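# Notes for the structure review
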Amino acid sequence: MRVPYTNFKTFEKDEWTEIDTEDIFSEKKIVVFAIDGAFTSGLNDKHIQEYDNAYHNFKTAGIDELYCVSVNDTFVMNAWFNKLGIKNVKPLGDGEGVFTQGMGVLVNKPKQGFGMRSWRYSMLVNNGEVEKLFEEPGKNNASDDHDPFEVSGSNTMIKYLESK
Amino acid sequence: MKRDLKIPKVTFRVRIGDEVETDGGCAIGGQWINKTTDDFFKGKRVVLFSLPGAFTPTCSSQQLPGFEKEYHAIKKMGIDEIYCVSVNDSFVMNAWASHMKIQNVKMIPDGSGNFTRFMGMLIGKNHLGFGLRSWRYMTVINDNTIEKWWQEPGINNEGTDDDPYIESTPENMIRYLQNKTNFAEIPG
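Criteria and thresholds
Residues numbered from 1 in each chain as written. Chains lettered and ligands numbered in written order. Predicted model: local features only at pLDDT ≥ 70, side-chain atom pairs only at ≥ 80, totals over all residues. Pairing = 2+ DSSP bridges. Helix = DSSP H or I, 4+ residues; strand = E, 2+ residues; numbered from the N terminus. Axes fitted to C-alpha atoms, helices over the stretch in contact; angles between N-to-C directions. Contact = placed C-beta atoms within 7 Å. Buried ≥ 20, exposed ≤ 12 C-beta atoms within 10 Å, placed from the backbone.

## Re the sheet that holds strand β4 (residues 81–86) of chain B
Residue and element names in this part refer to chain B. One open sheet accounts for 5 strands, arranged β5-β4-β3-β8-β9; its pairing is mixed. If you trace the sheet from one side to the other, it starts and ends with β5 (106–109) and β9 (145–151), each paired once. Neighbour to neighbour, the strand axes of the sheet diverge by 25 degrees on average, direction disregarded. Where strand β3 (residues 45–50) lies against β4, 5 bridges are found, and the strand directions are parallel. Bridged to Ser50 within β4 is Val85. Contacts from helix α4 (residues 90–99) reach β4 and β5, with the element oriented near 155 degrees to β5.

The following block contains the structure:
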């Protein structure tokens, strides 16, 4: 499947910029991973920090960029990246949930009062085609889970890339 | 326009106790609690103001710090509490309050948008990639009932505005409360 077309509105260096899925994925090998929210849990901090620290390993494995997607707006994503000191991973603020819905992973999180968010997953995208998807088990709309983090971490993705 | 309306009954999911820094560690010490609109509004006279999002420019630079600065002055005018509501989750609201060094104004996280929807203020901000958010308003709520209402002009779903910030200011609130207070002090 192809990644769903999305035009992301981002605020960088005091300016609004639009970046769409063509800009991000065309002619590139990209790894995307999704979290359920900026500032939301130590698990999300861990998830992104793992990828951030492994950036050069991903580069060596032929990956052009790493993106972290979440159903949060660009301001919240930037503030969270700053707080954690993320240097390599790039933020994809999907505030409208368009990308996440198109990926089929937009879930309701009623117990946290979050509204609609992304289920946790990671994927390798090759020139806009999803080549490999690691989705956490138990996707649901009722907050009926303990936020599993088994397959979408950086280690699993690196192992996959190295095995190819 | 919304005077005498009853506040909708909504339960908010609120995080408490996450403030302890774990220095990059995974452990988070906080917990979830439920807060209802009755907890916030019943038996009290309070100020509530809303904004389109935590960490966004206008509200970060003016509105929230403005109310924070005037907190004690406003409380002396017969107000029990000042609340800031936004369609953001509790983690983001807490992080923003901490980032802005807010000590007094209390945050109401309406991540699901249920409160804002029932208030008739849930609008699309898709031109900013935000999804559904709150139009900017402020209100005095007296025992779950709206006493006074201000909202910014030009409410819309298409982003055909430049986020006006004219009505829902601490200055307008103080002017209203002062007049009310003075009026109440006139004997007889």
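Picking up after the structure, the text goes on.
## Some words on the sheet that holds strand β5 (residues 90–93) of chain A
Whether parallel or antiparallel, the strands of a sheet pair through hydrogen bonds between backbone atoms. Residues and elements named next belong to chain A. Taken in spatial order, the 5 strands of this open sheet run β5-β4-β3-β8-β9, and their pairing is mixed. Since the sheet does not close on itself, it has two edges, and those belong to β5 and β9 (129–135), each with one partner. With direction set aside, neighbouring strand axes in the sheet form an average angle of 25 degrees. Here 4 bridges tie strand β4 (residues 65–70) to β5, and the two strands are oriented parallel to one another. Along β5, the bridge assignment pairs Ser70 with Gly93. Relative to β5, helix α4 (residues 74–84) is tilted by about 150 degrees, and along the sheet it contacts β4 and β5. This element, helix α6 (residues 154–163), spans β3 (29–34), β8 (121–126) and β9 of the sheet and lies at about 135 degrees to β9.

## Here we look at the interface of chain B and chain A
Chain B puts 26 residues into the contact, and the matching count from chain A is 25 residues. Residue assignment for the side of chain B that touches chain A shows that the elements contributing at least two residues are β1 (11–16) and α4 of chain B. The element best represented in the side of chain B that touches chain A is α4(B), accounting for 5 residues.

## Re the pairing of strand β2 (residues 15–20) of chain A
Two faces make up the sheet, and in a regular strand the side chains alternate between them. Residue and element names in this part refer to chain A. Burial of β2 is sparse: only 0 of the 6 residues sit out of reach of the surface. When strand β1 (residues 7–12) meets β2, the two strands line up antiparallel, connected through 6 bridges. Counterpart to Thr10 in the pairing with β2 is Thr17. Counted between consecutive antiparallel strands, the loop separating β1 from β2 contains 2 residues, among which Lys13 sits at a positive phi close to 50 degrees.

## Describing the environment of Val105(A)
Residue and element names in this part refer to chain A. Of note, Val105 is situated in the loop between α5 (98–102) and β6 (106–108). Considered as a pair, Val105 and Glu65 are 40 residues apart in the sequence and their alpha carbons are 22 Å apart. In this structure Val105 touches Ala34, Thr100, Ser118, Trp119, Tyr121 and Lys139, once residues within four positions along its chain are discounted.

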